[in-house]
Amino acid sequence: MLRALFMLIVFAGMLQGCATSREVFLADGARGYNINCSGSGKNYSHCLEKAGDICGTRGYHVLNQQGDIVPLPQAIREFRANAQSTSIGFLTQSGSIVTRNLFIKCK
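Summarised in this report is the structure supplied together with it. (Residues numbered from 1 in each chain as written. Predicted model: local features only at pLDDT ≥ 70, side-chain atom pairs only at ≥ 80, totals over all residues. Heavy atoms only, no water.)

## Re the pattern of salt bridges
Oppositely charged side chains may form a pair once their charged atoms are brought near each other.
Then, number 1: For the structure shown, the criterion picks out two salt bridges.
Then, number 2: Across the pair Glu23 and Arg31 runs a salt bridge whose closest N-O atoms are separated by 2.7 Å.
Then, number 3: Taking the relative accessible area as the measure of exposure, Glu23 reaches 41% and is therefore partly exposed.
Then, number 4: Taking the shortest distance from any N to any O, the salt bridge between Asp28 and Lys105 comes out at 3.5 Å. One end of the pair, Asp28, is in the loop between β1 (20-25) and β2 (31-36); the other, Lys105, is in strand β5 (residues 96-106), with 77 residues separating them in the sequence.
Then, number 5: Taking the relative accessible area as the measure of exposure, Asp28 reaches 56% and is therefore exposed. (Salt bridge = Lys/Arg side-chain N within 4 Å of Asp/Glu carboxyl O. Buried < 20%, exposed > 50% of the residue type's maximum accessible area, 1.4 Å probe, protein only. Helix = DSSP H or I, 4+ residues; strand = E, 2+ residues; numbered from the N terminus.)

In structure tokens, the structure reads:
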């Protein structure tokens, strides 16, 4: 019973969370950001909000937007085939993994 409650709390935490970002360097040498808002409890508005937090009043340009919904069995096969992969995303109630990434450059 206690273990099931712990797993439920962990799963709920995975669904909530905030968008994360990391600094990247673009092909032209400029600084950009990869913002990740994956998970069934989030959407692209979370990515856009994080972009606003990063760039502030300067604003930003959206360079690329990527997203995918992959059925869980396929994602597990791909994860096992790629042992260097660090994450398989977040589980949704439908048994799929939802990934979302936004690439931006501050103005």
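## Details of helix α2 (residues 44-55)
Then, number 1: The end-to-end C-alpha distance of α2, which contains 12 residues, comes to 17 Å, matching closely the 16 Å that a straight helix rising 1.5 Å per residue would cover.
Then, number 2: Three or more residues of α2 are buried, namely Cys47, Ala51 and Cys55. Take α2 and look down its axis: the buried residues cluster within an arc of 55°, on one side only. Facing away from the buried surface of α2 by more than 90 degrees, the exposed residues are Glu49 and Asp53.
Then, number 3: Within two residues after α2, Gly56 carries a phi angle of roughly 60°, on the positive side. (Expected span 1.5 Å × (residues − 1). Arc of directions from axis to C-beta.)

## Some points on the state of the cysteines
Then, number 1: Evaluation of the coordinates by the stated rule reveals two disulfides.
Then, number 2: Between the sulfur atoms of Cys55 and its disulfide mate Cys106 the distance is 1.9 Å. Judged by the torsion about the S-S bond (-80°), the Cys55/Cys106 disulfide is left-handed. Pair noted here: Cys55 is in helix α2 and Cys106 is in strand β5, with a separation of 51 residues, a long-range link.
Then, number 3: The class for Cys106 is buried, based on a relative accessible area of 15%.
Then, number 4: The connectivity of the disulfides in the protein is 1-2, 3-4, where the numbers refer to bonded cysteines in sequence order. (Disulfide = S-S within 2.5 Å.)

The values reported here are purely geometric and, on their own, carry no functional implication.
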